[in-house]
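The primary structure of each chain is shown beneath.
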Amino acid sequence: MPADISPVFDSEKVTVIYVLGGPGAGKGTQCSKLVGAYSFCHLSAGDLLREEQNREGSQYGELIRTCIREGTIVPMEVTVKLLENAMSAEIEARTGDGWSNGRGRFLIDGFPRKMDQALKFDEEVCLASMVIFFTTTEEVMLHRLLERGKTSGREDDNVESIRKRFRTYEEQTMPVIRHYSSHGKVVEIDSTASVEQVYREASAAVSKFLRVPLA
Ligand code: C5P
Ligand code: MG
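Summary of the structure given here. These numbers were taken from a predicted model, which means no experiment stands behind them. (Residues numbered from 1 in each chain as written. Chains lettered and ligands numbered in written order. Predicted model: local features only at pLDDT ≥ 70, side-chain atom pairs only at ≥ 80, totals over all residues. Heavy atoms only, no water.)

1. As for the nonpolar core
Consideration 1: Counting residues in each nonpolar core, the largest one holds 37 residues, and the members touching the most others are Val16, Tyr18, Met87, Phe106, Ile108 and Phe121.
Consideration 2: Of all the elements, helix H4 (residues 76–93) adds the most residues to this core, at 7 residues.
Consideration 3: Setting aside residues no more than four positions away along its own chain, Met87 makes contact with Phe9, Val14, Val16, Leu43, Phe106, Ile108, Phe121, Val125 and Cys126.
Consideration 4: One finds Ile17, Ala25, Cys31 and Tyr38 within the second-largest nonpolar core, a separate group that totals 23 residues. (Core = buried A, V, L, I, M, F, W, Y, C linked by side-chain atoms within 4.5 Å. Buried < 20%, exposed > 50% of the residue type's maximum accessible area, 1.4 Å probe, protein only. Helix = DSSP H or I, 4+ residues; strand = E, 2+ residues; numbered from the N terminus. Contact = heavy atoms within 4.5 Å.)

Right, dumping it as structure tokens:
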């Protein structure tokens with residue numbers, strides 16, 4: 001018998017925007033700027049995984065650590081559940097602009113990185129409305145990640161892990177971008193320029209989508 005699954009959150013009330021792009025493309029930086037301007041909740045899948053990795057008693061700690069170091073994708077059940085829990089908590093706790101009566105708006109950064117995550121989240125958690133896709137060259141991304149690595153303390157901001165992350169991105173994440181492109185949901189933004197310049201384009205895209213004035 002086919003399972004009759006409906007998503008946990010109704011996409012009419014809960015807006016989900018996925019933010020994708022290669023490692024070092026500027027996803028986190030741009031999300032931090034967009035979050036205050038449009039009352040979003042910013043959830044970084046990578047940050048949630050690192051938090052879970054460090055949580056005492058987590059059964060997934062070792063698995064997550066290995067995947068992150070090797071630049072591979074953590075089994076989707078783990079990441080999808082972390083996101084769903086974080087969304088529920090935010091919707092429960094938050095009030096104000098765009099957040100009343102079970103409403104909410106989320107920027108989900110670094111997710112979905114693989115087709116199985118995309119299909120599961122859209123079907124079982126919340127159907128995403130839009131994908132912001134930041135693009136630049138591997139050379140620029142490598143440079144940014146190595147700069148960040150000087151202070152990030154991240155175990156994957158080193159040349160060896162970065163190469164693996166680039167490969168995973170090409171092999172697993174690009175099909176996700178193509179999938180959403182074919183549904184007309186992708187806004188592609190060249191993120192080679194300065195943070196401010198890229199933000200101008202990103203905020204224009206978000207304003208247009210949400211039908212609110214530029215912020
Ligand atoms: O997005 P970020 O660069 O912080 O992700 C770090 C790592 O976390 C990825 O290289 C991958 O190992 C893991 N990850 C994942 N699935 C996601 C996001 C991140 O497995 N959706
Ligand atoms: Mg990030």
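There is more to say, and it comes next.
2. Points about the sheet that holds strand S4 (residues 130–135)
Consideration 1: The strand order across the open sheet built from 5 strands is S2-S3-S1-S4-S5, with neighbouring strands paired in parallel fashion. The sheet is open, and its two edges are formed by strand S2 (41–44) and strand S5 (186–190), each paired on a single side. Between one strand axis and the next, the sheet turns by 20° as a mean value, whatever way the strands run.
Consideration 2: Examined bridge by bridge, S4 and S5 share 5 bridges and lie parallel to one another. Counterpart to Val131 in the pairing with S5 is Val186.
Consideration 3: Set on the sheet, helix H7 (residues 159–182) makes contact with strand S1 (14–21), S4 and S5; between it and S1 the angle comes to about 135°. (Pairing = 2+ DSSP bridges. Axes fitted to C-alpha atoms, helices over the stretch in contact; angles between N-to-C directions.)

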